[in-house]
Amino acid sequence: MREGMTYGRALRLLLAGFFLGRCPACGRASMFRSAFELHDRCPECGARHSMEEGAWLGAVAIGYGIAALFAFVLTLIELNAHPIARAGLDPTWTIAAVSVPVTILGYRPAKGLWFTLLYLYGLGGDQDEPRQPTEA
Ligand SMILES: [Zn+2]
């Protein structure tokens, strides 16, 4: 992990990255410039978010993991209480259908989490320290 990083601080950064998409370097700005696209550099501190080709792959893997966990939990609920079958729907197709939007909705938090992890382990972009915000 980065020098001077405590586990408590790392956990806070990961949660902020996952739920809020916050820049892991300063925590003041969003990493995202649109729903799913990252800023090349943080508008507040200048930390680099854009990575070499393929860095997004980990985010996709985490996103699928979130969707798979959701489908698994939904399947367990259906097997025990049958709420989908009772509603007159086909459980298999219903679980598959609702897992698609979960995959899409989970992509942004997954990306926030993944790029925070890359930052924490010093694997993202260039390794320059974030510059201090300049007075306007
Ligand atoms: Zn920043």
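Just above sits the structure.
Model, not experiment: these values are computed from the prediction. (Residues numbered from 1 in each chain as written. Predicted model: local features only at pLDDT ≥ 70, side-chain atom pairs only at ≥ 80, totals over all residues. Heavy atoms only, no water.)

Overview of the nonpolar core
Generally speaking, soluble globular proteins have nonpolar side chains that are buried together.
(1) Moving on: By size, the foremost hydrophobic cluster in this structure holds twelve residues: Met5, Ala10, Leu13, Leu14, Cys23, Ala25, Ala29, Cys42, Cys45, Ala47, Tyr119 and Leu120.
(2) Moving on: Listing elements by their share of this core, those giving two or more residues are helix H1 (7-19) and helix H4 (91-120).
(3) Moving on: If you tally residues by element for this core, the top one is H1, at three residues. (Core = buried A, V, L, I, M, F, W, Y, C linked by side-chain atoms within 4.5 Å. Buried < 20%, exposed > 50% of the residue type's maximum accessible area, 1.4 Å probe, protein only. Helix = DSSP H or I, 4+ residues; strand = E, 2+ residues; numbered from the N terminus.)

Examining the coordination of the zinc ion
(1) Moving on: Around the zinc ion, the protein supplies Cys23 (SG), Cys26 (SG), Cys42 (SG) and Cys45 (SG) as donor atoms, at distances of 2.2 to 2.3 Å.
(2) Moving on: Considering all four donor atoms around the zinc ion, the spread of angles at the metal, 106 to 112 degrees, places the coordination shape in the tetrahedral class.
(3) Moving on: On the primary sequence, the residues serving as donors to the zinc ion are separated as C-x2-C-x15-C-x2-C. Here the residue Cys26 occupies a position in the loop between H1 and helix H2 (57-81), and Cys42 occupies one in the loop between H1 and H2, the gap between them amounting to 16 residues. (Donors = N, O, S within 2.8 Å, 3.2 Å for Na, K, Ca; no water. Tetrahedral: all angles 85-135°; square planar, octahedral: opposite > 155°, others 65-115°.)

A look at unusual backbone geometry
(1) Moving on: Positive phi is not limited to glycine here, since His82 has a value of about 55 degrees.
(2) Moving on: Relative to the elements of secondary structure, His82 occurs in the loop between H2 and helix H3 (83-86).

Section: the side chain of His49
(1) Moving on: Within the element layout of this structure, His49 appears in the loop between H1 and H2.
(2) Moving on: In this view, His49 contacts Cys23, Pro24, Met31, Leu38, His39, Asp40, Arg41, Cys42 and Phe115; residues no more than four positions away in its chain are not counted. (Contact = heavy atoms within 4.5 Å.)

A closer look at a nonpolar patch on the surface
(1) Moving on: On the surface, Leu69, Phe72, Val73, Leu76, Ile77 and Leu79 cluster together into a nonpolar patch covering about 580 Å² of accessible area.
(2) Moving on: With respect to the secondary-structure elements, Leu76 resides in helix H2.
(3) Moving on: Overall, Leu76 belongs to the partly exposed group, its relative accessible area being 40%. (Patch = residues over 30% accessible without salt bridge, like charges linked within 9 Å, V, L, I, M, F, W, Y side chains within 5 Å. Areas by Shrake-Rupley, 256 points an atom, 1.4 Å probe, with all protein chains shown as cover. Salt bridge = Lys/Arg side-chain N within 4 Å of Asp/Glu carboxyl O.)

A word on the pattern of salt bridges
(1) Moving on: Under the criterion given, the structure shown has two salt bridges.
(2) Moving on: One salt bridge in this structure joins Arg28 and Glu44, with 3.2 Å as the shortest N-O distance. Residue Arg28 is located in the loop between H1 and H2, and its partner Glu44 is located in the loop between H1 and H2; the two are separated by 16 residues in the primary sequence.
(3) Moving on: Residues Glu37 and Arg33 are paired through a salt bridge, measuring 3.7 Å at the closest nitrogen-oxygen approach.
(4) Moving on: Given a relative accessible area of 52%, Arg33 falls into the exposed group.

Observations regarding the environment of Ile104
(1) Moving on: Mapped onto the fold, Ile104 is located in helix H4.
(2) Moving on: Ile104 sits in the partly exposed class, given a relative accessible area of 47%.
(3) Moving on: For the pair formed by Ile104 and Gly63, sequence separation is 41 residues and the distance between their alpha carbons is 7.8 Å.

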